[in-house]
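# Chains, contacts and geometry: an overview
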Amino acid sequence: MNMRLKKLIPLLSLTLLPLVSHAADSNGNVSKGEYLATAGDCVACHTAAGAEPFSGGLKMSTPVGAIYSTNITPDKATGIGEYSYADFAKALREGIAKDGHHLYPAMPYTAFAKINDADMHALYDYFMREVKPVRQTNRDSDIPWPLNMRWPLAAWNIVFHDDKVFQPDSGQSAEWNRGAYLVQGLEHCGTCHTPRGIAFQEKALDQKEAAYLTGGTLEGWHAPDLTGSLKSGLGNWQPAEIVTFLRTGRTDTTAAFGSMTDVIEHSTQHLSDADLKAMATYLKSLKAARADSATPAADDNTTAALIKGDMSHRGAQEYMDNCSACHRIDGKGYAKTFPALAHNSAVLSDDPASLISIVLRGGKMAVTKEAVTGLTMPDFAWRLDDQQVADLLTFVRESWGNQAPAVTAEQVQKLRKNISTVERKDPNKENEPNTGQPHQ
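Positions within a chain are numbered from 1, following the residues in the order the chain's sequence is written. Only residues with pLDDT of at least 70 are given local features in this predicted model, and only at 80 or more are side-chain atom pairs given and counted; all residues enter the totals for whole chains, interfaces and linings. Excluded from the side-chain calculations are hydrogens and water; all other atoms, namely the structure's heavy atoms, are used.

### Points about the overall build of the protein
Working definition: helices are DSSP H or I runs of at least four residues, strands are E runs of at least two. Numbering for both runs from the N terminus. From N to C terminus, the protein includes 18 helices and 6 strands. Three labels apply to residues, based on accessible area from a 1.4 Å probe with only protein chains included: buried if under 20% of the type maximum, exposed if over 50%, partly exposed otherwise in between. Burial analysis of the protein (440 residues in total) assigns 52% to the buried set. Across the protein, the fraction of contacts at a sequence separation of at least 24, relative to all contacts at a separation of at least 6, is 64%. In this description, accessible areas are obtained by the Shrake-Rupley approach with a 1.4 Å probe, and a residue is regarded as covered only by the protein chains that are shown. Within the structure as shown, the protein displays about 21,200 Å² of accessible surface, and the carbon and sulfur contribution to it stands at 54%. The criterion used for residue contact is that any of the two residues' heavy atoms lie within 4.5 Å.

### Concerning the UniProt feature "binding site: heme c 3" (unreviewed entry) in the protein
UniProt positions are given in the numbering used here, feature names are shortened, and annotations may be inferred rather than shown by experiment. Under the UniProt annotation, the feature "binding site: heme c 3" (unreviewed entry) is placed at Cys323, Cys326 and His327. In this structure, Cys323 sits in the loop between helix H14 (316-322) and helix H15 (324-327). Taking relative accessible area as the criterion, Cys323 reaches 13% and is therefore assigned buried. Aside from chain neighbours lying at most four places away, what touches Cys323 is Glu318, Arg328 and Leu392. Structurally, the position occupied by Cys326 is in helix H15. The partly exposed category is assigned to Cys326, whose relative accessible area is 30%.

### Concerning the packing of aromatic side chains
Ring geometry is summarised as follows: Phe, Tyr and Trp rings, the Trp one being its six-membered ring, pair when their centres sit within 6.5 Å, and such pairs are stacked at plane angles under 30 degrees, edge-to-face over 60 and tilted between the two. Throughout the structure, instances matching the rule amount to 15 aromatic pairs. Ring centres of Phe88 and Phe127 lie 6.1 Å apart, and the angle between their planes is 45 degrees; this geometry places the pair in the tilted category. In this pair, Phe88 is assigned in helix H4 (residues 85-94) and Phe127 in helix H6 (residues 117-129), connecting sequence segments 39 residues apart. Accessibility classification places Phe88 together with Phe127 in one group, the buried group. Following the ring pairs from residue to residue traces out a cluster consisting of Phe54, Tyr85, Phe88, Tyr124, Tyr126 and Phe127. The criterion for a charge sitting over a ring is simple: Lys NZ or Arg CZ within 6 Å of the ring centre, and within 35 degrees of the ring normal. If you follow Arg139 out to its NZ or CZ, it ends over the ring of Tyr68, 4.0 Å from the centre. Lying across the ring of Phe200, Arg196 places its NZ or CZ 4.4 Å from the centre.

### Side note on the layout of surface pockets
Using a 1 Å grid laid over the protein atoms alone, points where a 1.4 Å probe fits but cannot get out form a cavity; open sets with protein on both sides within 12 Å along at least 5 of 7 lines form a pocket; any residue with an atom within 4 Å of a point counts as lining. Grid points are joined across faces, edges and corners, and a volume is the space filled by probe spheres set on the points. Quantified by volume, the second largest pocket comes out at close to 1,100 Å³. Lining the second largest pocket are 44 residues, and of these His46, Ser69, Thr70, His101 and Leu103 lie nearest its centre. Of all the elements in the fold, those that place two or more residues in the lining of the second largest pocket are helix H3 (42-45), strand E2 (65-68), H4 and H6. The biggest single contributor to the lining of the second largest pocket is H4, with 3 residues.

### Re helix H12 (residues 273-284)
Along an α-helix, a turn takes 3.6 residues, which lines up residues three or four apart on a common side. A helix is expected to reach a length of 1.5 Å times the quantity of its residues less one. Over its 12 residues, H12 extends 16 Å from the first C-alpha to the last, a length consistent with the 16 Å expected when each residue adds 1.5 Å. Against helix H2 (32-39), helix H8 (174-186) and helix H10 (239-248) lie the buried residues of H12.

### Things to note about the side chain of Gln184
Along the polypeptide, Gln184 turns up in helix H8. Pairing of N or O atoms within 3.5 Å defines a polar contact, subject to two protein rules: one partner must be a possible hydrogen donor and the other a possible acceptor, and residues neighboring in sequence count only if both atoms are side-chain atoms. Only 2.9 Å separates the side chain of Gln184 from the side chain of Gln207, close enough to count as a polar contact. Aside from chain neighbours lying at most four places away, what touches Gln184 is Ala111, Lys114, Phe166, Leu205, Asp206, Gln207, Tyr212 and Tyr282.

### Observations regarding the nonpolar core
Leu123, Phe127 and Leu283 are the most contacted members of the largest nonpolar core, which has 57 residues in total. Elements supplying a minimum of two residues to this core: H2, H4, helix H5 (109-112), H6, H8, H10, helix H11 (260-266) and H12. When sequence neighbours within four positions are dropped, the list of residues in contact with Leu283 reads Val183, Leu213, Leu226, Leu234 and Ile242. Formed by 26 residues, the second largest nonpolar core is a distinct cluster that contains Ala342, Leu360, Val389 and Leu392. We define a nonpolar core as any set of buried Ala, Val, Leu, Ile, Met, Phe, Trp, Tyr and Cys residues linked to one another through side-chain atoms lying within 4.5 Å.

What follows is the structure, encoded as structure tokens:
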């Protein structure tokens, strides 16, 4: 788990490792291609709510307008049924469809380029032979002209895309290489967890570049730092905790939120123990992106003040009224039930987008084979105004030894405007429009 394996496995075995590690369901019926498609979480983006698997139509927001995922079932008229293997591989590795048009980089071909030939063949066979064909016409994007023109993407690829297949590192263990292959490629973790530049490009594609997996913000959610940073990364996580998180969506102190719950439900919970351990090994090898960040020190002053009924700290009253019943006055929550807020790396990120979003929108834990209860957190957009949300989250980020920047009402207001889900109203005032202000 901590890279202590002796490096006695020859390079040939490192090259073959991604080809042989796949799992079966209880009946032994999962093919290698299905396992790989599950690892790639293809169903999450290529399936709209209530639609047939892989039939496309899921709306995805971008800074210039919404795009809709495509039908990747083997239907010959509207899907990829006429794709040859070469067409299929070109789409996944280069982002170019059979008819020659360039795909938007919301399709993670920058990561899928790393998939080796044997795995690519297995994926092709799965989609052509095992997936049900669905007649579902693809929908055009909402991106306005001239921004919707595709030809500039060719230049984008020249500048930002590396289409080379993953190359094992002979200086690392077989387990490390397997983890790197999954994290960089099929699992495409960098798509969310790596910051993006002005052209929407990932600033890094692997651990050789400093920005890789240091955290990124998309659609109002901040995917946290996955490097060894002690404060806001995985520096204080044990490999076994990472495995547990990827399998169940929770640990004793934290829980998945936002789109990560879908990743766990559709993808990582179905991976083999060996693959989860390999991913943990690789992630734990990443150097801290923020070497100056220290582990938060325990501080009981907040707890003592709340016990005495001292609400003088900004946001304390909002916390007691809305959060303390589940997350407790000591901020430690309840193991595998309600996440801790004290010293939680997701809470301590410099970017508070996820905290704001989950307070406004609410959230649901991942439902998995080992954690079947998808506990929910209610949304508070109807109950708290922008300043109250800012005060509440500032209190959380400054209490129990947490040391994270304050949240402003302006930050809350910006994300409130971008919420696409339907906000709940005060159940006692169902006919009153939601103004974003508290009900008196």
